[in-house]
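If you want the building blocks of each chain, they are given just below.
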Amino acid sequence: MRILLAGPDHARGSLPPYLNVLASELRRAGAHVDRLGSTTTAYDTGRGRFHDRDWVTAAADDLATLADPTRYDVVSLHFGNLEIEQLLPERWRRHAITLPPVAVHVHALSPTLFTRHIPAPDLRAAVDAGISAAAGLVYFGHYARTALTGGLPATAGIPALVAPLPTTIPAGIIPTASPALDDAHPDSILLSLYGYAAPWKSAPDLLAALDATAAPVRVVLAGPFWDDPDQAGVDL
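Every residue gets a number counted from 1 within its own chain, in the order that chain's sequence is written. With pLDDT at 70 or above as the cut-off, local features in this predicted model cover only qualifying residues; side-chain atom pairs require 80 or more to be listed or tallied, and sums for whole chains, interfaces and linings still use all residues. Side-chain metrics in this entry use all non-hydrogen atoms of the structure; hydrogen atoms and water are not considered.

### Focus on the overall build of the protein
- The helix and strand tally for the protein stands at nine helices and ten strands.
- The atom set for the radius of gyration is the C-alpha atoms, and the globule formula is 2.2 Å times the number of residues raised to the power 0.38. Compactness check: the protein gives a C-alpha radius of gyration of 19 Å against a globular reference of 18 Å for 236 residues, within 12% of the reference.
- The principal-axis extents of the C-alpha atoms in the protein amount to approximately 65 × 40 × 40 Å.
- Contacts: residue pairs with any heavy atoms within 4.5 Å of one another. In the protein, the proportion of contacts linking residues at least 24 apart, taken out of those at least 6 apart, comes to 73%. By the criteria applied, helices consist of DSSP H or I runs no shorter than four residues and strands consist of E runs no shorter than two, each listed in order from the N terminus.

Put into structure tokens, the structure is as follows:
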């Protein structure tokens with residue numbers, strides 16, 4: 001099995017470490033895996049603003065020329081809200097390349113790059129078309145599947161899998177105590193779920209797990225949008 005693992009390969013965000021783990025485990029299972037990835041997002045940190053559409057499409061074209069997808073059995077495609085990888089299927093097809101099966105891993109409920117950050121309806125339509133033409137979809141939470149099929153009904157008929165997201169925390173890392181949280185309730189177990197309310201941080205699954213606990217547990221949800229049912233997937 002020859003796999004082209006396409007996804008960000010830069011130092012920002014949580015996707016690159018996850019893709020390193022995924023590539024390693026696929027190789028351990030016997031697959032030949034090549035990585036294709038952008039080295040930056042579409043945000044210009046020096047100027048404090050997003051690049052324009054011409055920069056994004058040129059960067060996507062440059063990335064698309066770095067690998068020939070026809071040499072692979074499958075393309076494993078990963079992108080969040082800001083990565084240019086979301087344009088790869090459209091850019092390859094623009095150059096008349098017949099793609100092998102593409103498995104899209106759903107890391108974003110609704111990619112906002114071409115709606116909120118660089119408004120370009122035609123590019124957003126190209127992203128949606130690429131997702132809708134996928135041979136398979138991998139979700140990291142049941143809510144992600146509900147949200148995507150609600151926004152893109154064509155994806156409802158695509159073979160799909162809900163899979164756990166493996167940890168990217170290096171071995172040997174131990175949790176650190178926070179006196180501000182721990183001292184007030186020394187007899188209870190503290191759990192934290194932090195960061196953006198991403199689709200793989202499934203609040204309904206967390207609530208179901210808490211229902212099964214036998215000891216008192218306190219949970220701290222930290223980060224933006226946990227109070228937004230549309231983002232978290234449940235009215236907490």
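Further notes follow.
### Let's talk about a nonpolar patch on the surface
- Exposure above 30% relative accessible area and no salt bridge define the residues that can form patches, which grow by joining like charges within 9 Å and nonpolar side chains of Val, Leu, Ile, Met, Phe, Trp and Tyr within 5 Å. Values of accessible area rely on a 1.4 Å probe in the Shrake-Rupley scheme; residue burial ignores everything except the protein chains shown. The working definition used for a salt bridge is a side-chain nitrogen of Lys or Arg within 4 Å of a carboxyl oxygen of Asp or Glu. Residues Ile189, Leu191 and Val219 make up a contiguous nonpolar surface patch of roughly 210 Å² in combined accessible area.
- Relative to the elements of secondary structure, Ile189 occurs in strand 9 (residues 189–194).

### So, helix 6 (residues 142–151)
- Throughout, exposure labels follow a simple rule: accessible area from a 1.4 Å probe, protein chains only, divided by the maximum for the residue type, with under 20% read as buried, over 50% as exposed, and the rest as partly exposed. Those residues of helix 6 that sit buried are Tyr143, Ala144 and Leu148. Down the axis of helix 6, the buried side of the element spans an arc of 125 degrees, and every buried residue falls inside it. What points out from helix 6, more than 90 degrees from its buried face, is the exposed set His142, Thr146 and Gly150.
- Where the residues of helix 6 are buried, they touch strand 6 (102–106), helix 5 (121–132), strand 7 (136–139) and helix 9 (229–232). To be clear, the arc concerns the directions from the helix axis to the C-beta atoms.

### Re the nonpolar core
- Core analysis: the largest hydrophobic core is formed by 39 residues, its most contacted members being Leu36, Leu77, Leu87, Leu88, Trp92, Phe114 and Leu137.
- It is helix 2 (residues 53–64) that provides the largest number of residues to this core, a total of five residues.
- Listed in part, the 13 residues of the second largest apolar core include Leu5, Leu19, Val74 and Phe140. For the purposes of this section, nonpolar cores are sets of buried Ala, Val, Leu, Ile, Met, Phe, Trp, Tyr and Cys residues that join through side-chain atoms within 4.5 Å.

### A look at the pattern of salt bridges
- As enumerated under the stated definition, the model contains eight salt bridges in all.
- Among the salt bridges present, the one from Asp9 reaches Arg35, with a minimum N-O distance of 3.7 Å. Of this pair, Asp9 sits in the loop between strand 1 (2–6) and helix 1 (15–28) while Arg35 sits in strand 2 (residues 32–36), and the two are 26 residues apart along the sequence.
- With a shortest N-O distance of 2.9 Å, Asp61 and Arg91 are connected by a salt bridge.

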